[in-house]
Amino acid sequence: MSEASTPSTVAKKKAKPARKAVEAVKTGAVDKKTHLQKAIAKLGLHRDIDLALHLPLRYEDETRLTKLRDAREGDTVQIEGVVTNCEITYRPRRQLLVTLDDGSDTCTLRFFSFYPSQQKALAVGNVIRARGEVKGGFLGFTMMHPSFKTAGGDLATALTPVYPTVAGLPQGYLRKVVLGGLARADLSETMPAELVAIIFDGKSSAQIGVQPAYLLPEALSFLHHPTPDVSMLELEDRTHPAWQRLKIEELLAQQISQLQAKRERAALRAPVLASQGKNSLYEKLLGIIPFKLTSAQERVCGEITLDLARNIPMHRLLQGDVGSGKTVVAALAAAKCIDAGWQCALMAPTEILAEQHFRKLLSWLEPLGITTAWLTGSQKTKERREALALIASGEAALVVGTHAVIQEKVQFKNLALAIIDEQHRFGVAQRLALRSKMVADANLEPHLLMMTATPIPRTLAMSYYADLDVSTIDELPPGRTPIVTKVVNDARRDEVIERIRSQLAEGRQIYWVCPLIEESEALDLTNATETHEQLCAALGDVQLKDGQPIMVGLLHSRMPVAEKKAVMSLFTAGHMQVLVSTTVIEVGVDVPNASLMVIEHAERFGLSQLHQLRGRVGRGAAASVCVLLYSTGDATRLGETARARLKAMVETNDGFEIARRDLEIRGPGEFLGARQSGAALLRFADLATDVELLEGARQLAPIMLDKYPELAQKHVHRWLGEKAEYLKA
Ligand code: ADP
Ligand code: MG
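Our subject in this report is the structure included herewith. Just so we're clear, the structure is a prediction, and the values are computed from it rather than from any experiment.

Before going further, it helps to spend a moment on the site of ligand 1. Neighbouring ligand 1 are 17 residues; Gly323, Lys326, Thr327, Arg480 and Asp590 lie closest to it. The backbone of Gly323 places a nitrogen or oxygen atom 2.6 Å from an oxygen atom of ligand 1. Isolated, ligand 1 exposes 570 Å² of accessible area, and the fraction of that covered by the protein chains is 87%.

Let us now look at the side chain of Gln503. Within the fold, Gln503 resides in helix H18 (residues 493-505). Once residues within four sequence positions are removed from consideration, Gln503 is found in contact with Arg508, Ile510, Ser595 and Leu596.

Let's shift gears to the pattern of salt bridges. All chains considered together, the criterion is met by 29 salt bridges. One salt bridge in this structure joins Asp48 and Arg184, with 3.0 Å as the shortest N-O distance. Of this pair, Asp48 sits in helix H3 (residues 48-52) while Arg184 sits in helix H5 (residues 171-184); the two residues are 136 residues apart in sequence, bridging distant segments of the chain. For Glu355, the salt bridge goes to Arg359, with nearest N and O atoms at 2.5 Å.

By the criterion of burial, strand E13 (residues 415-420) is predominantly enclosed, with 6 of the 6 residues buried. Direction of pairing for strand E10 (residues 343-347) relative to E13: parallel, over a ladder of 5 bridges. Looking across to E13, one finds that Leu346 is bridged to Ile419. Across 4 bridges, the pairing between E13 and strand E14 (residues 447-452) is parallel. Paired with Ala418 across the bridge in E14 is Leu448.

Here we come to the packing of aromatic side chains. Applying the stated criterion across every chain yields a total of 5 aromatic pairs. For the ring pair Phe111 and Phe148, a centre distance of 5.9 Å and an interplane angle of 80° mean the geometry is edge-to-face. Of the two residues, Phe111 is situated in strand E4 (residues 106-111) and Phe148 in strand E7 (residues 147-150); the sequence distance between them amounts to 37 residues. Residue classification places Phe148 among the buried positions, given a relative accessible area of 4%. Of the aromatic side chains, those joined through ring pairs into one cluster are Trp243, Phe684 and Trp719. Here the basic side chain of Arg93 rests over the ring of Phe112, its NZ or CZ set 4.2 Å away from the ring centre. Lying over the aromatic face of Trp243, Arg238 brings its terminal NZ or CZ to 4.3 Å of the ring centre.

Attention now goes to the nonpolar core. Soluble globular proteins tend to pack their nonpolar side chains together in the buried interior. Counting residues in each nonpolar core, the largest one holds 44 residues, and the members touching the most others are Leu220, Leu223, Leu235, Leu246, Leu251 and Ile256. When contributions to this core are tallied by element, the ones reaching two or more residues are H3, helix H6 (193-200), helix H8 (216-224), helix H10 (241-267), helix H26 (691-707) and helix H27 (709-720). Looking at this core, the element that brings in the most residues is H10, giving 9 residues. Contacts of Leu246, omitting those with residues within four sequence positions, involve Leu55, Leu216, Leu220, Leu223, Phe684 and Trp719. Among the nonpolar cores identified, the runner-up in size contains 43 residues, and Leu318, Val329, Ile338 and Cys344 belong to it.

Time to look at helix H11 (residues 281-288). Among the residues of H11, Leu281, Tyr282 and Leu285 are the ones counted as buried. For H11, the arc enclosing every buried residue in end-on projection is 100°, short of the 170-degree limit, so these residues lie on one face. Where H11 is buried, its residues touch helix H12 (295-308), helix H13 (326-339) and helix H14 (351-365).

On to the sheet that holds E4, then. Strand order in the open sheet made by the 6 strands is E6-E4-E3-E2-E5-E7, with mixed pairing throughout. Every other strand in the sheet has two partners, leaving strand E6 (141-144) and E7 as the edge strands with one partner each. On average, each strand axis in the sheet is tilted by 40° relative to the strand beside it, whichever way the strands run.

Conventions we followed
- Residues numbered from 1 in each chain as written.
- Chains lettered and ligands numbered in written order.
- Predicted model: local features only at pLDDT ≥ 70, side-chain atom pairs only at ≥ 80, totals over all residues.
- Heavy atoms only, no water.
- Near = heavy atom within 4 Å.
- Polar contact = N/O pair within 3.5 Å; in protein donor to acceptor, adjacent residues only side chain to side chain.
- Areas by Shrake-Rupley, 256 points an atom, 1.4 Å probe, with all protein chains shown as cover.
- Helix = DSSP H or I, 4+ residues; strand = E, 2+ residues; numbered from the N terminus.
- Contact = heavy atoms within 4.5 Å.
- Salt bridge = Lys/Arg side-chain N within 4 Å of Asp/Glu carboxyl O.
- Buried < 20%, exposed > 50% of the residue type's maximum accessible area, 1.4 Å probe, protein only.
- Pairing = 2+ DSSP bridges.
- Phe/Tyr/Trp six-rings, centres within 6.5 Å; stacked < 30°, edge-to-face > 60°.
- Lys NZ or Arg CZ within 6 Å of the ring centre and 35° of its normal.
- Core = buried A, V, L, I, M, F, W, Y, C linked by side-chain atoms within 4.5 Å.
- Arc of directions from axis to C-beta.
- Axes fitted to C-alpha atoms, helices over the stretch in contact; angles between N-to-C directions.

Distances and angles like these do not, on their own, reveal function.
Pasting the structure below:
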């Protein structure tokens, strides 16, 4: 009923000559239709089954009428009565006030926005049915912006579903489309009775309290239109047996598809990459790096070495907190590959980071006689052509670069190992592209090593990355002092600038990061530029030991690449003391002398991002500080999640704990960057609460694949459609 009162998108049409007007109306109708279709596609609802699986967010109870006498404050109820008063008042602001009398009491309906047609429908004497939340109070019952329609008509027999929707797609329309999809969809059983019994009647069902009552069609029609006697709590927290049925189906689809990917990969062959002896590049490299590996680094190198020595493609995630020393592990893996006579590619998400890797690897490997090629989007044509030639001929044993590495033109002679740094920064699609592009040989697949500073919590690893092996560097190199994190109100900015002065006096370097404002890159820029100017002014009098003035640099994404590089290398070399930047420095930048990180508008950053940024300091022996400046704007308080993020930052430096809390705050979909890929991967099951169901699905997946391969395929297709490919990335 809400359509009647929600101001819908009423197209305003200007007066036009008659013939044109007719055409306009026609195209208008067509536009509207395609618009609705587009909106439905945007929700990912392409097939009948997708519609059937598009489940309500919540329900409205329109199955009964409540007498005002029986209504309690805060209840959402439906009432029916006669309008006894309808007027517009202007104090405190323009509003429509309607008094409804249902015989037991009266209620004031209050509208701040309304159309003349709605005002007419609410004229004195009309009998209407209204639905909304009742507020009590001194002057009797009120409802703010209730939905309403003319009284009479049958009451609903089931709860009315409210579906997740997007702008411009009215509930009423979506309901009809979903209902149609539900009626047409093939919902035949894909889970054999034997398996249903394992899950629903076996031991696990006692643990999880699942009743076997629901088959898929029943579960779906129930969830779309539950009978009014259902426990709302069970519906809302999704513990109702109908929900359980859907969750297990969803998890099963995911587990089958993961297992399948794992088996497919195990059937592939990869080059064996082994090296031996004192004269191997691996040993030589170990000899020239200026430090001793930590025991965690040694352990993960061992794990990678074992993988590379097998003829099955490695599919390994190397996770280690920021600053734990993943780069050298990557370099050693590359050395193994080169020792065996094959090429290795290292890809990083930003040019700055890629270049930093390139320099570091170049400094280690060039003296050992290894040619390294550099590939990036901003390269000059000539330079690029030369790099491509080196790669194609195999002369370049190592290729370092950005996304440019996976472009079509790049032809490797014999690629055997691909390393992706900060893998979470790459979309799922890009990771897929990498795998498909980097086939070394018609019959051989390259080994894949992904690196991340954002560790994956266990439940996610179990469900999303079932076919991924994980190595963890759980130890920082010696001699690091833990970073102290402080949350400071922006009103105390001056004190922060004082702190910068004292750090400068000690010869330290400082990062100052300004946020990315999503809606506007221009605003983003202003922010960084203004801060840069402010710091230049505030620190203009500071001198270095040799009497030279200090240098305050600015780095942002709109700068030409050459300029970015120039600024970055000044800072890296220590000639520049303060670097104001947008989040371009987020990942991987390594300047051990930097000891103070100020993050402006820290409340706007995600938790993992804050942790990544903080990881830019604390890389040397000096005690480092991270200042999270927050600004509460015009009297609006810090949001609850922003507060939780800042609190987590102060309380822990441990990347695993940060990841766990991030998952808690954001939920798994966002955590995985699923939004990036446009597809939330798990819709119904919740990895925080449905661990038992997940375990159950894990048991069933191999049985399905081995005993009922056709049903398994049908099941995966039903649930995942094209998304199945994403899960394999
Ligand atoms: P991340 O894991 O964040 O990529 P890096 O590989 O950039 O970390 O390493 C961080 C810093 O620690 C670098 O300056 C690196 O040279 C140094 N480092 C790495 N391993 C060790 C070690 N075993 N001992 C001392 N310093 C190390
Ligand atoms: Mg790194």
